[in-house]
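Read off the chains here:
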Amino acid sequence: MPKHTIITWLAIMGRLSIKDRLLKWGVATSAGCMLCEDIEESHIHLFSECCFVARLWKEVLWLNGLVRDVTVSDPQAEVGYMFTSIKGKTLRSFVLCVSWNAIVYQIWEDRNRRQLRGEIRTLETLLNVSRRLIGSK
Ligand SMILES: [Zn+2]
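Thresholds, definitions, all that
Residues numbered from 1 in each chain as written. Predicted model: local features only at pLDDT ≥ 70, side-chain atom pairs only at ≥ 80, totals over all residues. Helix = DSSP H or I, 4+ residues; strand = E, 2+ residues; numbered from the N terminus. Contact = placed C-beta atoms within 7 Å. Axes fitted to C-alpha atoms, helices over the stretch in contact; angles between N-to-C directions. Parallel < 35°, antiparallel > 145°, perpendicular 65-115°, else oblique. Left-handed = near helix turned anticlockwise from the far one by under 90°. Expected span 1.5 Å × (residues − 1). Buried ≥ 20, exposed ≤ 12 C-beta atoms within 10 Å, placed from the backbone. Arc of directions from axis to C-beta.

Caption draft 1: Highlighting the environment of V53. With respect to the element layout, V53 can be found in helix α4 (residues 51-63). Residues V53 and I107, spaced 54 residues apart in sequence, show a C-alpha to C-alpha distance of 7.2 Å. With sequence-adjacent residues up to four places away left out, V53 is seen in contact with L35, L46, F47 and I107.

And the structure:
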């Protein structure tokens, strides 16, 4: 979906309004991650280090038939893995690209729901939404 791709692009470029940027602008009052509430929220943390995101990503990889030990201690390795995996024109790379965009969008949407509406969705709820977006059962 185009909106997923745009959010992924903004996340890669570090242009989303995440707390580390909001704090610099004087808009946010706390720095904690909206998903794990553990560490300062930044682009790197939200899209690759967050333990909540790692669990979601691991499940989505499993849905795609890939068993991978997603490590939150080396976020650059995960991003590198994704860029390597989505290269090419194979069905697998296409599905991984769609999955990655869907997950990044889900993370962004869930983070905003928590911050703006106070709605907290469970990991299982996010997985169900992701399954529907990716097209798997
Ligand atoms: Zn987090």
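Moving on from the model shown.
Caption draft 2: Inspection of the packing of helix α6 (residues 91-117) against helix α7 (residues 123-134) at higher detail. Remark: α6 packs on α7, axes separated minimally by 10 Å, with the N-to-C direction vectors making an angle of 140 degrees. With respect to α7, the axis of α6 lies oblique. Considering how the two elements wind past one another, α6 and α7 form a crossing that is right-handed. Judged by residue contacts, V98, S99, A102, I103, Q106 and D110 of α6 engage L126, V129, S130, L133 and I134 from α7.

Caption draft 3: Structural detail: α4. Between its terminal C-alpha atoms α4 stretches 19 Å, which fits the 18 Å expected from 13 residues at 1.5 Å a residue. The set of residues buried in α4 consists of F52, V53, L56, W57, V60 and L61. The buried residues of α4 all sit within an arc of 165 degrees when viewed along its axis, so they share a single face. Here the buried face of α4 lies against α3 (43-49), α6 and α7. Directly after α4, the chain includes G65, whose backbone phi takes a positive value near 80 degrees.

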